[in-house]
Structures are given as structure tokens and as C-alpha cells.
Amino acid sequence: MTSMTAPPSTPMSSKLIRNLTPDQLPTVHMPACEARPALKGQKALVTGASSGIGRGIAIALCAAGADVMINFVGDEASARAVVDEATHCGCTNRGRAVAHRADVSDETQVAGMYGRMRDEFGTIDILVNNAGLQQDAPVEEMTLAQWNKVISVNLTGQFLCAREAVREFKRRGVQKDVSCAAGKIICVSSVHEVIPWAGHVNYAASKGGVFQLMKSIAQEVAPWRIRVNSICPGAIRTPINMPAWATPAAYAELMKLIPYKRIGEVEDIARLAVWLASDEADYITGTSLFVDGGMTLYPGFEAGG
Ligand code: NAD
């Protein structure tokens, strides 16, 4: 047994974060994880996949062997770039990818997207309900249009896409060579399904709604071997929250909310999405998984209160 020298005793107060400067904290190293074909033969739809978290998830699902539909609403060139990136890395186990334009808050367009999914891939095994947006304002200035827009994309859009997926999962049932489950739905929610957010009441309400939407669907469809879960990101480096990380001053301010002292990257979310969609997570349903570097740990108390 190797003997270890006891560290010099340190007074409790000097171990607390308030006594440390950033250069006294460890350098950030992102985890290196090999891509495994855990989703070979599965068909996935990722909404809002032309940028940010959706883009990262789509690429990771494809690297794990799934065929992926990359939904977008605006920028077709970006969606095509995601198709290229998802399918051209030289890895032999990669799936196929196609891009499809649809507004997830529009019932007819969602039905059309599932029609295309059937034409391209035959069925669906994995839905990632990721599309979302913010339209921020103090509550007294928030317009009904701002309220309705955020609720209709972030919440109604998740309902419309989940409803179509459940219809197909139930129609087709379990194909045991593909997966133990008849289907998997992953809702991209937010830490704001539990953390109130002043100035963003429409967004926080939409994510609070996703919390109960996810759990209620999960409870209803579990007997059909359909799994429904949420991923709740903290602050992830994407276009939606660029003002929070784009300057050193903003980044330093953001770190006050993150005990782990680094911003999240889309890969942090994408890796979890692959695992959650795989049979390794077969007994997990109705759960919100927080990927937030500790943002939900009441960081205001990290220096002892
Ligand atoms: P993003 O702006 O890069 O991605 C959102 C995507 O949704 C965009 O591609 C956008 O075009 C798409 N979209 C918007 N309206 C749509 C519609 N009607 N139909 C189809 N697609 C539509 O930002 P992101 O950070 O990648 O956000 C992805 C999800 O992650 C959102 O649901 C967001 O609420 C959630 N989230 C992000 C963070 C973060 O820190 N970035 C934190 C918590 C939750």
C-alpha cells in the first residue's frame, strides 16, 4: 500500500471559493469519449437542429449510428452544413442524415415532417424535442404576441412532435433487434423548469410546462415501452445565450452561477442524449436530468452563505 503524506491542514474558510482566484482553479479539460454505434439501425428526429444544442445532438446521434432528420425552420444552408458534418467524418458506423424545414408549432407542418420521416426512414425510434427560443421582456412590458410565440414553440411544439411520435411508436411497437423500447422521446427543457427567471416569464413558464408534459406523457405511455425524459441544460455555449458568455466580463459574471466554473458545451448535452436514447438507459423514464455544472445547487451559498 502506498503511503500518502497528509496535506497541510488548511483552515476551513480558505478552502471556500470566495478565497480563490480563477488561476488557482484547475484548467478546463473537456472529456474525450469515443463514438460507439449504440444507436445503429435507429431512426431519429431532432427539432431545431441547424444550430446549437440540436446541431450537436444530431451529429452525435448520427455518429452513434442513427439515421437522423435534421429539422430547421429558417436557415437552410446551416441545416445542410449539419447534414454534411453529421455524415462525413470517415466513421463507418455513421448513419444517414436529411434536412427538413418545418415550424414545430404548426400542426400541419409537423404532420408533413413525420410524413417525410416515413418516406425517408420508414419509421421513428427517437424524437429529440429541442427547438426553442426566447423573447424576453419585463412582465409589465411583455406583449401577448411574445408570450404566445414562446409558449407555442417551446411547449406546444414539443406536444405536437411528441404526439406524432407516440402514434408511430404505438403503431409499430417494439422491434427487439433495434431497441428494447418501442420509442424514446427526449425533451430539451432547461434549468428554468425549476429556477424562476425574472424578465423571462414566458420562457420559464414554457419550460415549467415541459416538466409536466414530459412526466404526464411518460406515465401514460410507459406500458407501451415508450420512454420519455428531459435533459435540462444550464448555461451552454450557443447562439441563444451569446450575451452571457461572449465577453470576458460577461463570462466572469456567468461563472458566479456555475459551481463547476466552466460553461457547458453542446457536447456535454449531446453525449447524454445518445446515452439516454440507447438501451443502456432502458429503465429510465419520466426523469429530468440536469446538465448544468451545479447551477441548480444554489450557487449563492457556495461561499458558505
Ligand atoms: P439555438 O438558438 O441555437 O437553437 C434553437 C433552435 O430552435 C434554432 O435552430 C432555431 O432555429 C430553432 N427553432 C426556433 N423556432 C423554431 C420553430 N418554430 N420550429 C423549428 N425550429 C425552431 O439555441 P440552443 O441553445 O441550441 O437551444 C436549444 C434548446 O436548448 C432550446 O429548447 C433551449 O431552450 C434549450 N436550452 C438552451 C440552453 C443554453 O444555455 N444554450 C439552456 C437551457 C435550455
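As shown above, the structure is provided for reference.
**Side note on the overall build of the protein**
- When its secondary structure is counted, the protein shows seven helices and seven strands.
- When its helices and strands are written in sequence order, the protein yields β-α-β-α-β-α-β-α-β-α-β-α-α-β.
- A principal-axis box enclosing the C-alpha atoms of the protein has dimensions of 65 × 60 × 40 Å.
- In the protein, buried positions account for 42% of the 305 residues.

**Remarks on unusual backbone geometry**
- Residues other than glycine seldom take positive phi values, yet K261 does so here, at roughly 60°.
- Inspection of the secondary structure assignment puts K261 in the loop between α6 (248-255) and α7 (266-277).

**A few points about the sheet that holds strand β5 (residues 183-188)**
- The sheet built from seven strands is open, its strands ordered β3-β2-β1-β4-β5-β6-β7 with parallel pairing. Both edges of this open sheet fall to β3 (97-101) and β7 (288-291), since each of them pairs with a single strand only. For this sheet, the mean angle separating the axes of adjacent strands, direction not counted, is 20°.
- In this structure, β5 lies alongside strand β6 (residues 226-233), joined through six bridges in parallel fashion. When the bridges of β6 are listed, I186 appears paired with N229.
- Its contacts with the sheet place helix α1 (residues 52-63) against β1 (43-46), β2 (67-72), β3, β4 (126-129), β5 and β6, and it is angled at close to 170° to β1.
- Contacts from helix α3 (residues 107-121) reach β1, β2 and β3, with the element oriented near 155° to β2.

**A word on α3**
- Here α3 is 15 residues long and its end C-alpha atoms lie 21 Å apart, about the 21 Å a rise of 1.5 Å per residue gives.
- Buried residues of α3: V110, M113, Y114, M117 and F121, and no others. Burial along α3 is one-sided: seen end-on, the buried residues are contained in an arc of 95°. Seen from the open side of α3, the exposed residues pointing more than 90 degrees away from its buried face are T108, G115, R118 and D119.
- On its buried face, α3 sits against β1, β2, β3 and α4 (144-172).

**Topic: the site of the ligand**
- Not every one of the 28 residues close to the ligand is listed here, only the nearest: G48, G52, A131, G132 and I240.
- Breaking the shell around the ligand down by element, the ones donating at least two residues are α1 and α4.
- In terms of residues, the shell around the ligand owes the most to one element, α1, which gives three residues.
- Its residues placed into classes, the shell around the ligand shows 12 nonpolar, 15 polar and one charged.

**A word on α1**
- Between its first and last C-alpha, α1 extends 17 Å over 12 residues, near the 16 Å set by a 1.5 Å rise per residue.
- Of all 12 residues making up α1, 12 are buried, and the element is well covered by its neighbours.
- Listed as buried for α1 are G52, I53, G54, R55, G56, I57, A58, I59, A60, L61, C62 and A63.
- Backbone geometry just downstream of α1 places G65 in the positive-phi region, at approximately 105°.

**Concerning the nonpolar core**
- By size, the foremost hydrophobic cluster in this structure holds 78 residues, and its most contacted members are A58, L61, V68, I70 and A273.
- At nine residues, α4 tops the list of elements feeding residues into this core.
- Those residues within four positions of L61 in sequence are excluded, and the remaining contacts are L39, A44, V46, A66, V68, I126, A273, V274 and A277.

**Let's talk about the packing of α4 against helix α5 (residues 201-221)**
- One can describe the packing of α4 onto α5 by two numbers: an axis separation of 9 Å at closest approach and a directional angle of 15°. Judged by the angle between their axes, α4 and α5 are roughly parallel. Handedness of the α4/α5 crossing: right-handed. In this structure, α4 contributes Q146, W147, V150, I151, N154, L155, Q158, F159, A162 and V166 to the contact, and α5 contributes N202, Y203, A205, S206, K207, G209, V210, L213, I217 and V221.

Rules used throughout
Residues numbered from 1 in each chain as written. Predicted model: local features only at pLDDT ≥ 70, side-chain atom pairs only at ≥ 80, totals over all residues. Helix = DSSP H or I, 4+ residues; strand = E, 2+ residues; numbered from the N terminus. Buried ≥ 20, exposed ≤ 12 C-beta atoms within 10 Å, placed from the backbone. Pairing = 2+ DSSP bridges. Axes fitted to C-alpha atoms, helices over the stretch in contact; angles between N-to-C directions. Contact = placed C-beta atoms within 7 Å. Expected span 1.5 Å × (residues − 1). Arc of directions from axis to C-beta. Near = placed C-beta within 6 Å. Nonpolar A, V, L, I, M, F, W, Y, C, P; charged D, E, K, R; others polar. Core = buried A, V, L, I, M, F, W, Y, C linked by C-beta atoms within 7 Å. Parallel < 35°, antiparallel > 145°, perpendicular 65-115°, else oblique. Left-handed = near helix turned anticlockwise from the far one by under 90°.

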